[in-house]
Amino acid sequence: MKALLVNSEYCTGCHSCEVSCKDHLQLPKGEFGIKVTEVGPFQFTASDHAGAWEWTYTPIVTQACDLCAERTEIGKMPLCVQHCQAWCMYYGEIEDLVKKIDGKTRWTLLAVAQ
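Residues numbered from 1 in each chain as written. Predicted model: local features only at pLDDT ≥ 70, side-chain atom pairs only at ≥ 80, totals over all residues. Heavy atoms only, no water.

Caption draft 1: Structural detail: the overall build of the protein chain. On a plain count of helices and strands, the protein chain comes out with four helices and five strands. Ordered by position from N to C terminus, the α and β elements of the protein chain give β-α-β-β-α-α-β-α-β. Expressed along its principal axes, the backbone C-alpha trace of the protein chain runs to roughly 50 × 35 × 25 Å. In the protein chain, of all internal contacts separated by at least 6 residues, the share reaching a separation of at least 24 is 62%. Total accessible area on the protein chain is roughly 7100 Å²; 54% of this is exposed by carbon and sulfur atoms. Seen as two clouds, the 10 positive and the 14 negative side-chain charges of the protein chain have centres 4 Å apart. (Helix = DSSP H or I, 4+ residues; strand = E, 2+ residues; numbered from the N terminus. Contact = heavy atoms within 4.5 Å. Areas by Shrake-Rupley, 256 points an atom, 1.4 Å probe, with all protein chains shown as cover. Lys, Arg positive; Asp, Glu negative; His and termini not counted. Charge placed at Lys NZ, Arg CZ, Asp CG, Glu CD.)

Caption draft 2: Fine view of unusual backbone geometry. Looking along the chain, the bond that leaves G40 and enters P41 is cis, with omega of 0°. Along the chain, P41 falls in strand β2 (residues 34-43). Positive phi values are uncommon outside glycine, yet Q26 reaches one of about 50°. Tracing the backbone shows Q26 in the loop between α1 (16-25) and β2. The class of Q26 is exposed, set by a relative accessible area of 69%. Positive phi, normally seen in glycine, also occurs at L67, with a value near 55°. On the basis of relative accessible area, L67 is assigned to the buried category, the value being 2%. (Buried < 20%, exposed > 50% of the residue type's maximum accessible area, 1.4 Å probe, protein only.)

Caption draft 3: Highlighting the sheet that holds strand β4 (residues 89-93). Taken in spatial order, the three strands of this open sheet run β4-β1-β5, and their pairing is antiparallel. Across the chains shown, the open sheet's two edge strands, defined by having one partner strand only, are β4 and β5 (107-111). Strand-to-strand twist in this sheet, taken as the mean axis angle between neighbours without regard to direction, amounts to 25°. Across five bridges, the pairing between strand β1 (residues 2-7) and β5 is antiparallel. Paired with A3 across the two strands is A111, which belongs to β5. (Pairing = 2+ DSSP bridges. Axes fitted to C-alpha atoms, helices over the stretch in contact; angles between N-to-C directions.)

Caption draft 4: Fine view of the packing of aromatic side chains. The tally for this structure, following the rule as stated, stands at three aromatic pairs. Arranged with centres 6.4 Å apart and planes meeting at 25°, the rings of W55 and Y57 form a pair that is stacked. Residue class for Y57 comes out buried when judged on its relative accessible area of 17%. For the pair Y90 and W107, a centre-to-centre distance of 6.1 Å together with 40° between the ring planes defines the contact as tilted. One end of the pair, Y90, is in strand β4; the other, W107, is in strand β5, and 17 residues separate them in sequence. The class for Y90 is partly exposed, based on a relative accessible area of 28%. With relative accessibility at 19%, the residue W107 sits in the buried group. (Phe/Tyr/Trp six-rings, centres within 6.5 Å; stacked < 30°, edge-to-face > 60°.)

Caption draft 5: Representation of the side chain of R71. Inspection of the secondary structure assignment puts R71 in helix α2 (residues 69-72). Of the buried charged residues, R71 lacks a salt bridge, with E70 as the closest side chain of opposite charge at 6.0 Å. Among all residues touching R71, those that are not within four sequence positions of it are H24, K76, M77, P78, L79 and Q82. (Salt bridge = Lys/Arg side-chain N within 4 Å of Asp/Glu carboxyl O.)

Caption draft 6: Region of the structure containing the nonpolar core. Counting 18 residues, the largest nonpolar core has L4, C17, I34, V61, C80 and M89 as its most contacted members. Breaking this core down by element, the ones donating at least two residues are β1, α1, β2, β3 (53-61) and α3 (79-82). Excluding its chain neighbours within four sequence positions, the residues that come into contact with M89 are L4, L5, V6, C17, I34, C80, V81 and C84. (Core = buried A, V, L, I, M, F, W, Y, C linked by side-chain atoms within 4.5 Å.)

This is how it looks when you write it as structure tokens:
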């Protein structure tokens, strides 16, 4: 099964994945194939991270996403991965993507039902 893997430590929230997907799928205003969500900013007040700020962006696939099936069938990567400005998105078999997870940064694995 194919999927996307996002290293959340490096996503800057530039929305390039979102725009390229929306354009490719020709989706109307308010609809997305992949949507960048934002958490924060908020400040930690307890724990080992007291005083640190958190502001995280994570791309989330929607029901409109088919992982650019017509592109991936001919060996190209999905447009969201191709246009990622931070190069923090990966595409491939779930088993291979899981091997990239190093336990040192935050990762999001996004599988798409097909």
